Amino acid sequence: MQFNQPAGDNLFDESRVVGMPAQRVDGPLKVTGQAPYAYERHDVAEGQVVGYPVVSTIARGRITGMRTEVARQAPGVLDIVTTLDVGEMPMPSGMNAAPLFGGAEIWHYHQAVAVVVAESFEQARAAAALVEVDYDQTEGSYDLESAWQEMREDRSDPVSRVGDFESAYDAAEVTLDAEYRTPSHSHAMMEPHATIADWQDGKLTVWTSNQMVEWSRQALATTLEMAPEDVRLDSPYIGGGFGAKLFLRADAVLAALGARKVGRPVKVMLPRPMIMNNTTHRASTIQRIRIGAQSDGRITAIAHEAISHTLPGGSGENAVAQTRRFYAGENRLIVNHLAEMHLPEANAMRAPGEAAGLMALEIAMDEMAEKLGMDPVEFRAVNDTQVDPEDPERAYSDRHFVECLRQGAEAFGWDARNTAPGATRDGEWLIGYGVAGAYRDGPAMQSGARVRLQEGGRLVVETDMTDIGTGSYTILAQTVAETMGVGIDEVEVRLGDSAYPVSAGSGGQWGAASSTAGAYAACLALREQIAGRLGVNDPEAITLADGAVNTGEKQVTLASLAEDGELVAEDSMEFGDFRDGEHVVSTFAAHFVELGVHVGTGEIRLRRMLAACDAGRILNPITARSQVIGGMVMGVGAAMMEDMAIDTARGYFPAHDLAGYEVPVHMDIPAQEVTFLDTLDPVSTPLKAKGVGELGLCGVAAAVANAVYNATGVRVRSYPMTMDKYIDQLPAV
Amino acid sequence: MRQFSYERAADPAGAAARAAEVEGAKFIAGGTNLLDLMKLEIETPVHLIDVNGLGLDEITETDEGGLRIGALVRNTDLAADERIRRDYPVLTRALVAGASGQLRNKATTGGNLLQRTRCPYFYDTAQPCNKRAPGSGCAALSEGAFSRQLGVIGTSDACIATHPSDMAVGMRALDAVVETVTPNGMTRSIPLEEFHLLPGETPEQETALMPGEIITAVTLPAPVGGVQTYHKVRDRASYAFALVSVALIRQPDGTGRVALGGVAPRPWRSAEADAELPKGAEAVMARLLEGARPTEENAFKITLATRTLAAMLAEE
Ligand SMILES: Cc1cc2nc3c(=O)[nH]c(=O)nc-3n(C[C@H](O)[C@H](O)[C@H](O)COP(=O)(O)OP(=O)(O)OC[C@H]3O[C@@H](n4cnc5c(N)ncnc54)[C@H](O)[C@@H]3O)c2cc1C
Ligand code: SF4
């Protein structure tokens, strides 16, 4: 089905199920430990044995020799596959930057170099420690600061230039020129990467934890030089991904190679101490922002120039993305440098680009508001735009950022705060308030589904869409229930199997909007079949409600239609060029934070947080709220503690686990309030919905940073805002 | 993790004798530190002697009016003990600032004193570390290394790691004494002050214990009264090791004691620095941290320690 024009009135405008606060349909399975996560799928293949990875202990160089004899003799060992045995393999996909396995070349620390397969986990782990590897180490580059010093003034290849930034900036009445730094971040999802692989008659099945089933099926086939039809991937439950599981990772490759070698199903989980360096991370950035404005607050010139690190062939962190479109201003300059470095692979992490970019831009906006003597809410509102500032012909499909700011400010009590930095005290606590804007694209991708009308009038929807803890099961059940006129309990949702129609998958906050549209397309195909059965030519002439079909002349139950066997329909929603060609489809929010900074120690304690979000139709306020508050927690982490510090001599991240890489604990998170504007975006999808999964993270860290400034009067431009960066500037105790 | 054999000890002297007799043997108590390190092959004992059944899990009163805390008393139970809460509140406060509820349920008094450093390079067996692999060098001291968490005083050119315990900092402020039984059945009393060694040239030697020697108890002298507080500073509000922690016992006349965690290879306290307490935080820290040798990344710990104490003193 084509989505070629904005949605008109449709059944979702009188919805009974979509938009309602339905509890998670998969909740009971999860809280009773019954949801089958990849590593625990003991029942899917008999005779499972365990693979344990061996990883590189240098950052860059070549393997000159490997000795596995001792390891092979260790108790329980079945076999060992080394990277030298298999030799170089094709890159899994254009989106992977580092090879996952194969060949002598070492691209980064903790690259997988062997997998030891044994009867038990303990045996495999013990034997893995006995594998010896010789390296010829070569110099790598690991220092973003020095790369930045080299590239800082190079504007020869800008992402975009509009008007004449330099002249406008020089002429501006008020200007800001500041540099900001964001560190590398780890996804730090709870469930590690894990795969069980089994070969039968030359065909491979992997039970794994992956956000993008089709991408990864293709990538696995490419890597192993197989026909994609011979690979099946199954990933029904995922214990968090945040982008770490968008692409094929080493667990799947090692399990597949190990299983082929020993002729038994092999399971491999990446141990936590390997995850930081074996897998991907959000790259660190250095960002320079210049803003020029007239004294009335209107921005006349804005430049965002950034650098991030990547392995050759990767794309780093596109921190300038939002600045192209978020705020008005006639003269614009956007530059994005990539520094090729030999750290582990930088790749997508939740809100790639915007998360890091807004950490800088939204401090800059705060600084600029202060220079102008304006309220930061007002300054943002003045610079709202309803069109793409780079291409004013393209209008925003539906943008209510100013309403987010105003409604958020009202609900938060923003006007009642003390605006003077460092001037509000509550005992030992310096109290501060901060605001930041949030912007994240609202993409949609083609998404397919199959619907079955079964005995008793039950409906089953099958799609390779994934639920990474987001609520996909629930919103798809709601969509099918709505479209087919049944209750949510009548719908069974089956996800994550590559045997099902290809969906958009979970990434880039496109999953919810796209996959519900795909399920809707399949349901319309089923409705057409039903109409045909009942002799009605126009499928729109039938209505479905309470498990029955009404043709206007007669009423039959869905159950009766399936009496002689199930009805099956399949379709895919394709999004036409009008959507993103003629419009900018985006999501918006405003974040407000109140916090205290301990006057003696500099410790930060948040007191309350509020987000006002504009993301089109909210398909389910419970799951949407969970996404946003989870994003806010992640934003607090980015603001206050998350830091994959780089050892610039050895070229790796010394943080080896979740004690070394701190993410927020319950005590760090105060009361969180989330409001959704009552908006619809007909350009986005037939359901007029967009994503919220990444929006919740965007801007949060800057709101915290701005509140720290308001509390202390000390402006910190480098994340995380740990006390070492401002303790010596706090007032005397 | 390497293969190992396992036995349950019946009495402290027998346990100590066995530990001295079997090469590569180690005691296991709560296992919350040892097992983690064994999984990573940072510790590779070939034999484990389980000390959980030794009956060392009571807190009893001493003739001197203090308390004797069995080595197997769990951190949770110790923190909750009414006598500790009433007479040694700095210890309760230090304990509950450590780890998490689940870990404290398992962690023991002896095991806590003997937990190993959290230096990130100690945890990566591919990296040089004099503490883990004597003579291999110190990765944390090389150019470009990550040293923000590590020590600023009492360290050496061979090692700048800290001792991560909170409990030990509270105990140090209370002048605790470690009681042990040696492999030949003798009992020893080691003041906590002398229990953890400074690294010098031999960072792998961390305590005054001789091979096989078992901790049986920690004794606290009679209560010293005063207002007792513990402030642990870290990047998140809970469940993280200290950047700096301060144990303070303050008497009504302004005198008292100060012990620091997170800055040194052992809980850091000195009588000279205590004597400066009436003059305030700056004076105490000038003494206590005299001769500190921080790295560029962790120099803030000195300011942080001073300001933390100042804030505690300002609190009434
Ligand atoms: C995630 C995490 C966070 C933590 N956070 C903190 C924190 O914030 N603050 C803090 O202070 N601690 C923290 N800890 C450490 C925790 O306190 C220790 O792991 C615990 O106290 C160790 O006690 P145990 O009984 O489990 O020791 P074990 O692991 O059983 O033993 C540790 C060592 O002591 C030896 N040993 C044990 N008992 C005896 C004995 N009676 N005589 C001689 N030798 C003995 C063992 O041989 C071993 O070498 C944390 C630990 C973890 C895993
Ligand atoms: S500081 Fe000590 S523990 Fe850390 S690497 Fe150096 S020697 Fe090892």
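Per an unreviewed UniProt entry, the recorded name for chain B is Periplasmic aromatic aldehyde oxidoreductase, FAD binding protein subunit YagS, and the organism is Salipiger mucosus DSM 16094.

1. What to know about the site of ligand 2
Surveying the vicinity of ligand 2 reveals 13 residues, the closest of which are B:C119, B:C129, B:C138, B:C159 and B:I160. Grouping the constituent residues of the shell around ligand 2 by class yields eleven nonpolar, one polar and one charged.

2. Examining the interface of chain A and chain B
Of the residues lining the interface, 40 residues belong to chain A; the matching set on chain B comes to 39 residues. Between chain A and chain B, a total of about 3200 Å² is buried, with carbon and sulfur atoms accounting for 56% of that surface. For chain A, the biggest contributors to the area lost against chain B are A:R125, A:R650 and A:E662; these three give 16% of the whole. For the pair chain A and chain B, the number of links is one salt bridge. Among the ionic pairs, B:R148 bridges to A:D724, the shortest N-O distance being 3.1 Å. Counting across the chain A and chain B interface gives 14 residue pairs in polar contact (both at pLDDT 80 or more). The residue inventory of the side of chain A that touches chain B, partitioned by class, reads 23 nonpolar, eight polar and nine charged.

3. Remarks on the sheet that holds strand β6 (residues 112-118) of chain A
Residues and elements named next belong to chain A. Within the open sheet, the seven strands sit side by side as β4-β6-β2-β13-β10-β11-β12. Their pairing is mixed. At either margin of the open sheet sits one strand with a lone partner, and together these are β4 (77-82) and β12 (231-234). Each strand axis lies, on average, 20° off the axis of its neighbour in the sheet, ignoring direction. Taken together, the six bridges between strand β2 (residues 49-55) and β6 define a ladder with antiparallel strand orientation. Bridge pairing in β6 places Y52 opposite V116. Packed onto the sheet, helix α7 (residues 213-224) meets β10 (194-200), β11 (203-208) and β12 and runs at close to 140° relative to β12. Strand contacts of helix α8 (residues 250-262): β2, β4, β6, β10, β11 and β13 (266-269), with the helix running at about 35° to β10, the strand carrying the most contacts.

4. Points about the sheet that holds strand β25 (residues 548-550) of chain A
All names here are of chain A. Across the sheet, which stays open at both edges, the three strands sit in the order β24-β25-β26 with antiparallel pairing between neighbours. Because the sheet does not close on itself, it has two edges, and the strands there are β24 (543-545) and β26 (555-557). Neighbour-to-neighbour, the strand axes of this sheet turn through a mean angle of 25°, independent of strand direction.

5. Side note on helix α5 (residues 89-96) of chain B
In terms of burial, α5(B) is a largely internal element, six of the eight residues being buried. All of the buried residues in α5(B) are B:P89, B:V90, B:L91, B:T92, B:A94 and B:L95.

6. Some details on the environment of B:E272
Residue and element names in this part refer to chain B. Locating E272 in the fold gives a position in helix α10 (residues 271-275). On the accessibility criterion, E272 (48% relative accessible area) is partly exposed. The spacing of E272 and V284 is twelve residues in sequence and 8.3 Å in space, taken between C-alpha atoms.

7. Here's the deal with the pattern of salt bridges
All names here are of chain A. Applying the stated criterion across every chain, the model contains 77 salt bridges over all chains. Across the pair R440 and E694 runs a salt bridge, and its minimum N-O distance is 2.6 Å. Remark: E694 occurs in the loop between β31 (671-676) and α18 (700-712) and R440 occurs in strand β20 (residues 429-441); sequence separation between them is 254 residues. Both residues of the pair, R440 and E694, count as buried. Here the salt bridges share partners, and the residues they tie into one network are E145, R152, E153, R155, E179, R181, R290 and E305.

8. Brief notes about the pairing of strand β29 (residues 586-598) of chain A
All names here are of chain A. The element β29 is extensively covered by neighbouring structure, given that 13 of its 13 residues are classed as buried. Burial of the side chains of β29 extends over both faces: S586, F588, A590, F592, E594, G596 and H598 are buried on one face and T587, A589, H591, V593, L595 and V597 on the other. Relative to β29, β20 is paired through 13 bridges, and the arrangement is antiparallel. Among the inter-strand pairings, W429 is bridged to a residue of β29, identified as H598. The sheet contact formed by β29 and strand β30 (residues 604-614) spans ten bridges and is antiparallel. Across the sheet, residue F592 finds its bridge partner in β30, namely L610. Hairpin connection, β29 to β30: the antiparallel pair is bridged by five residues, and G602 has positive phi, about 80°.

9. Some words on the UniProt feature "domain: FAD-binding PCMH-type" (unreviewed entry) in chain B
Mapped onto the present numbering, the UniProt feature "domain: FAD-binding PCMH-type" (unreviewed entry) falls on residues 1-225 of chain B. Summarising residues 1-225 of chain B: 26% helix, 16% strand, and an end-to-end C-alpha distance of 46 Å.

10. Concerning helix α14 (residues 511-533) of chain A
Because each turn of an α-helix spans 3.6 residues, side chains separated by three or four positions in sequence point in the same direction. Residue and element names in this part refer to chain A. Along its 23 residues, α14 runs 33 Å from first to last C-alpha, staying within 8% of the 33 Å computed at 1.5 Å per residue. Counting buried residues along α14, 17 of its 23 residues qualify, which places the element largely inside the surrounding structure. Note on α14: the residue one or two positions beyond its end, G535, has a positive phi of about 75°.

11. Concerning the domain arrangement of chain A
All names here are of chain A. Structurally, chain A comprises domain 1 (2-35 + 446-576) and domain 2 (353-442 + 585-729). Each partner contributes to the interface: domain 1 provides 31 residues, whereas domain 2 provides 27 residues. Counting the surface lost from both domain 1 and domain 2, the interface buries some 2100 Å², and carbon and sulfur atoms represent 60% of this. Summed over the shared surface of domain 1 and domain 2, the result is two salt bridges. Viewed at the interface, domain 2 and domain 1 are joined by 15 residue pairs in polar contact (both at pLDDT 80 or more). Looking at the side of domain 1 that touches domain 2, the elements with two or more residues in it are α13 (472-484), α14 and β27 (567-575). The element that contributes the greatest number of residues to the side of domain 1 that touches domain 2 is α14, accounting for five residues.

12. Structural notes on the packing of helix α17 (residues 621-640) of chain A against α18(A)
All names here are of chain A. The contact between α17 and α18 brings their axes to 7 Å, and the two run at 50°. One element, α17, and the other, α18, form an angle in the oblique class. Crossing of α17 against α18: the hand is right-handed. Side by side, α17 and α18 meet where M632, G635, V636, A638, A639 and M640 of the first sit next to V700, A701 and V704 of the second. Grouping the constituent residues of the contact of α17 with α18 by class yields eight nonpolar, one polar and no charged.

How each quantity is defined
The residue count restarts for each chain, going from 1 along the sequence in the order it is written. In the order they appear in the text, chains get letters beginning with A and ligands get numbers beginning with 1. Thresholds applied to this predicted model are a pLDDT of at least 70 for local features of residues and 80 or more for the giving and counting of side-chain atom pairs; totals over whole chains, interfaces and linings are not thresholded and use all residues. To get the side-chain values, take all heavy atoms of the structure and skip hydrogens and water. The nearness test applies per residue and asks whether one of its heavy atoms lies within 4 Å of the molecule or strand. All residues other than Ala, Val, Leu, Ile, Met, Phe, Trp, Tyr, Cys, Pro, Asp, Glu, Lys and Arg, Gly among them, are scored as polar; the first ten of these are nonpolar and the last four charged. Throughout, a residue-residue contact means that at least one pair of heavy atoms, one from each residue, lies within 4.5 Å. A simple way to read buried area is as the amount of 1.4 Å-probe accessible surface that goes missing from two parts once joined, with both sides added. A carboxyl oxygen of Asp or Glu within 4 Å of a side-chain nitrogen of Lys or Arg is what we treat as a salt bridge. As used in this structure description, the phrase polar contact means that two N or O atoms lie within 3.5 Å; if the pair is within protein, one of them must be able to donate a hydrogen and the other to accept it, and residues adjacent in sequence are counted only when both atoms belong to side chains. Two strands make a pair as long as DSSP finds a minimum of two bridges between them. Strands here are runs of E lasting at least two residues and helices are runs of H or I lasting at least four, both read from the DSSP assignment and numbered beginning at the N terminus. Axis lines are fitted through C-alpha atoms, for helices just across the contact stretch, and the angle between N-to-C directions can take any value from 0 to 180 degrees. Exposure is judged per residue with a 1.4 Å probe applied to protein chains only, and the accessible area is read against the type maximum: over 50% gives exposed, under 20% gives buried, and values in between give partly exposed. UniProt positions are given in the numbering used here, feature names are shortened, and annotations may be inferred rather than shown by experiment. A helix is expected to span 1.5 Å for every residue after the first. Those domain boundaries reflect an automatic or database domain assignment. The scheme is simple: roughly parallel for angles under 35 degrees, roughly antiparallel for over 145, roughly perpendicular for 65 to 115, oblique for anything else. In a left-handed crossing the near helix is turned counterclockwise from the far helix by less than a right angle, and in a right-handed crossing that turn is clockwise.

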